[in-house]
Amino acid sequence: QWLALIKDAVLNDPHGVIEQYHNEMKVLAATSFKFRENGDPTSFCSSAAERLFDYEPSKLLLGSANAGEYDVEVERAFLKRMTPENSLIIITGPELEEKELEGAAVSASEDTWQTEERYGGKYRQVRISEDLAKGWNQPAEIDPRLRLPGLNEFIPEDVSLRCDDEESKATFDPDVDYREEHPNLIVDTPKLRMWHKMDRTFRVPKTSISLQLTSPNIYRSPRSITLNRIFQKVLQDDLNSYVYDASVAGCNYRVSVAPSNYQLSVSGYSEKLPHLLDVVTSRIASLIEEMKEGEEAHPALEKIFSKSKDDLLRQTKNYVYDSPYETATYNFRMLLETPVWHVRDYIGEMEGPGAEAEPLTMKECAEAAEECLFGRTKAVSLCIGNIDEKGSKEVADLITNNFLKKRPLIEDETPRFRSLRMPNKAEAMQIFGESVGSREVPIVYEDLAHSESEENNAVDLMMQTASSFELGFEGLAIQELIASMAYNSAFNQLRTKEQ
């Protein structure tokens, strides 16, 4: 039905929406080529070598960015080849071995399961019947829910540089090295601190906007952080359909959750970035409302929620299979940081007796996210790139209107994670007994690898110096320098000389 919809558009409207799609892609390719930034030399050489099969050397750099004019005859010839007879349909799923697809027009269940000889994967296959292929080629009707998408609203039209504006030129100082200029604090309120730096060095029409929303409720309990992590996965899945056009047009977004905050960032061509930020933040709010309405009102959303919960459970349980040095580092964090929850606590919220007695629900997930995103928070944001102070303040207004509607956190409510000071030998003897006094390292924590096939071991030695407050920036820098020198020396000895 989808292919029939496209074929109909090409055959009956030769200079219609399909040609407009082509022109959009042409503009995107040209814009991307014009403002392409330096990348990895190895990747460039590899891709350039592949393009030599398709382009003569003089056109190697331009490559596919030089799109030609739309040719409806070529489009029609291409679509004629898109038939069921020329197709290969692959369906994968863990449930297929146990149950058949319900309501399927054709199924490989007519065949027996076979085992692939190299990797041991199970598969079965069946040919599409001629009658079914004919029906697919000429569908009797097209589902009214299927429709061709609209034009891409995120394609940039204004690629001018803010540093070339008359006002910016008037403030330009040739004696200043703007590469070393620090961002300026342009909004400083109890709710929001906004930092801004306009690019005068790289001269590309791109901007990056970052937002951090701090909340004391995210890490309040194992259940709260688990619910917020599930929401982040649901949001990621849901936003794909909302911001796909933005990703095609060279704009990107990211939403992540940490124990003390939500982090939201958008980047790409400057003109459309505030619109993308508005789309993402508005969808966060509407998604929460839909989730609060429950499973019966939104069964498709409930499936996404269940899948996200299963994904998080699987990832969390796989912690025990991390390499020994990663496990040792995690155990140190459990011993020396506060407050902190163990992965066992997260797993207990998703499976086991406690989870069965009080299961996580979509409504509860939405309420937890709402409290952390739209409740009492405080925000820090950075606008950097091809954006002036006026544009950054407009972004600040958008953030304030979409998120910061309640009174801000006071200083004492701001979540803080502290490291514990390890006891010295005398203190360790008082805590653990006289026996530890004979050890060179008084406190030793041992953990057995979960996997019986694990052959590696790890020793993680922690030597505390002082707190960040005591060391200051200079002390921290010296400490990092010592660590870098020690790493290079150890790498040379262990990997170059002894391995």
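Just so we're clear, the structure is a prediction, and the values are computed from it rather than from any experiment.

## A look at the overall build of the protein chain
Within the protein chain one finds 16 helices and ten strands. Per-residue burial for the protein chain yields a buried fraction of 32% across its 499 residues. Taking the contacts inside the protein chain whose residues are at least 6 apart along the sequence as the reference set, 76% of them involve residues at least 24 apart. Looking at the protein chain as shown, the accessible area adds up to about 33100 Å², and 52% of this sits on carbon and sulfur atoms. In the protein chain, 56 side chains carry a positive charge and 86 a negative one; their mean positions are 2 Å apart.

## A closer look at the side chain of Thr-316
Residue position: Thr-316 is located in helix H9 (residues 299-317). Its relative accessible area of 11% is what places Thr-316 among the buried residues. Those residues in contact with Thr-316 that lie beyond four places of it in its chain are Val-343, Tyr-346, Ile-347 and Met-350.

## Focus on the nonpolar core
Most often, soluble globular proteins have nonpolar side chains that are buried together. Membership of the largest hydrophobic core comes to 68 residues, with the highest contact counts inside it found for Phe-231, Tyr-262, Ile-284, Met-291, Leu-373 and Phe-403. Non-local contacts of Phe-231, meaning those with residues more than four positions away in its chain, are made with Tyr-262, Ile-284, Leu-287, Ile-288, Met-291, Cys-365, Ala-369 and Leu-373.

## Quick look at the environment of Asp-188
Checked against the element boundaries, Asp-188 lands in strand E3 (residues 184-188). Of the residues examined, Asp-188 reaches a relative accessible area of 52% and is grouped as exposed. Spatially, the C-alpha atoms of Asp-188 and Lys-378 are 11 Å apart, while their sequence positions differ by 190 residues. Of the polar contacts made by the side chain of Asp-188, one reaches the side chain of Arg-193; its length is 3.3 Å.

## With respect to the pattern of salt bridges
Summed over all chains, the structure comprises 27 salt bridges. A salt bridge links Arg-179 to Asp-177; its shortest N-O distance comes to 3.0 Å. Judged by relative accessible area, which is 31%, Asp-177 ranks as partly exposed. For Lys-307, the salt bridge goes to Asp-311, with nearest N and O atoms at 3.3 Å. Here the residue Lys-307 and the residue Asp-311 both occupy positions in helix H9, the gap between them amounting to four residues, near one helical turn. One salt-bridge network, in which partners are shared between bridges, spans Glu-116, Glu-117 and Arg-118.

## Notes on helix H8 (residues 273-292)
For H8, spanning 20 residues, the distance from its first C-alpha to its last is 29 Å, which sits close to the expected 28 Å at 1.5 Å a residue. Here H8 has its buried residues at Leu-273, Leu-276, Leu-277, Val-279, Val-280, Thr-281, Arg-283, Ile-284, Leu-287, Ile-288 and Met-291. A positive backbone phi angle near 95 degrees is found at Gly-294, which sits one or two residues after H8.

## Some details on the sheet that holds E3
The strand order across the open sheet formed by six strands is E3-E4-E9-E5-E7-E6, and the pairing between neighbours is mixed. This sheet does not close on itself; its edge strands, each paired only once, are E3 and strand E6 (252-257). Across the sheet, the mean angle from the axis of one strand to that of its neighbour is 15 degrees, orientation sign disregarded. Where E6 meets strand E7 (residues 261-269), six bridges bridge the pair, whose relative direction is antiparallel.

## Focus: the pairing of strand E9 (residues 378-385)
Pairing of strand E4 (residues 192-198) with E9, which is carried by seven bridges, proceeds in the parallel orientation. Bridge pairing in E9 links Leu-192 to Ala-379. Looking at chain direction, strand E5 (residues 206-214) and E9 are connected through eight bridges and run antiparallel. Its bridge partner lying in E9, Ile-209 is registered against Cys-383.

## Brief notes about unusual backbone geometry
With an omega of -10 degrees, the peptide bond running from Thr-338 to Pro-339 counts as cis. Turning to its location among the elements, Pro-339 is positioned in the loop between strand E8 (337-338) and helix H11 (343-350).

## Re the packing of aromatic side chains
Under the defined criterion, the tally for this structure stands at seven aromatic pairs. Aromatic side chains Phe-35 and Tyr-269 sit 6.4 Å apart centroid to centroid with 70 degrees between the ring planes, which places their arrangement in the edge-to-face category. Placement of the pair is Phe-35 in the loop between helix H2 (17-34) and helix H3 (41-51) and Tyr-269 in strand E7, with a sequence separation of 234 residues. Taken individually, Phe-35 and Tyr-269 each receive the classification buried, so the pair is uniform in this respect. Where Tyr-487 meets Phe-491, the ring centres are 6.1 Å apart and the plane angle is 35 degrees; that geometry is what we call tilted. Of this pair, Tyr-487 and Phe-491 both sit in helix H16 (residues 468-498), four residues apart, which is roughly one turn of the helix.

## Overview of the confidence of the model for the protein chain
For the protein chain, per-residue confidence averages 90 on the pLDDT scale, and 99% of positions sit at 70 or higher. Looking across the protein chain, the model is least confident in helix H6 (residues 166-170), with a mean pLDDT of 85, and most confident in helix H13 (residues 362-374), with 97.

## Comments concerning the environment of Val-280
With respect to the element layout, Val-280 can be found in helix H8. In this structure, the C-alpha to C-alpha distance between Val-280 and Leu-213, residues 67 residues apart in sequence, is 15 Å. If we skip the residues at most four places from it in the chain, Val-280 touches Leu-239, Val-243, Tyr-253, Val-255 and Leu-264.

## Description of the pairing of E3
Of the pairings in the sheet, the one linking E3 to E4 comprises four bridges and is antiparallel in character. By the bridge assignment for E4, Leu-185 is matched with Trp-195. Between E3 and E4, which pair antiparallel in sequence order, lie three residues.

## A short note on the packing of helix H7 (residues 222-248) against H8
The axes of two packed helices give the description: the angle between them and the distance between them. At their nearest, the axes of H7 and H8 sit 10 Å apart, and the two run at 135 degrees to each other. Relative to H8, the element H7 lies oblique. Classified by chirality, the crossing of H8 by H7 is right-handed. Two secondary-structure elements touch here, H7 through Phe-231, Val-234, Leu-235, Asp-238, Leu-239, Tyr-242, Val-243 and Ala-246 and H8 through Leu-276, Val-279, Val-280, Arg-283, Ile-284, Leu-287, Ile-288 and Met-291. The residue inventory of the contact of H7 with H8, partitioned by class, reads 14 nonpolar, no polar and two charged.

Reading the values: the criteria
- Residues numbered from 1 in each chain as written.
- Predicted model: local features only at pLDDT ≥ 70, side-chain atom pairs only at ≥ 80, totals over all residues.
- Heavy atoms only, no water.
- Helix = DSSP H or I, 4+ residues; strand = E, 2+ residues; numbered from the N terminus.
- Buried < 20%, exposed > 50% of the residue type's maximum accessible area, 1.4 Å probe, protein only.
- Contact = heavy atoms within 4.5 Å.
- Areas by Shrake-Rupley, 256 points an atom, 1.4 Å probe, with all protein chains shown as cover.
- Lys, Arg positive; Asp, Glu negative; His and termini not counted.
- Charge placed at Lys NZ, Arg CZ, Asp CG, Glu CD.
- Core = buried A, V, L, I, M, F, W, Y, C linked by side-chain atoms within 4.5 Å.
- Polar contact = N/O pair within 3.5 Å; in protein donor to acceptor, adjacent residues only side chain to side chain.
- Salt bridge = Lys/Arg side-chain N within 4 Å of Asp/Glu carboxyl O.
- Expected span 1.5 Å × (residues − 1).
- Pairing = 2+ DSSP bridges.
- Axes fitted to C-alpha atoms, helices over the stretch in contact; angles between N-to-C directions.
- Phe/Tyr/Trp six-rings, centres within 6.5 Å; stacked < 30°, edge-to-face > 60°.
- pLDDT = per-residue confidence, 0-100.
- Parallel < 35°, antiparallel > 145°, perpendicular 65-115°, else oblique.
- Left-handed = near helix turned anticlockwise from the far one by under 90°.
- Nonpolar A, V, L, I, M, F, W, Y, C, P; charged D, E, K, R; others polar.

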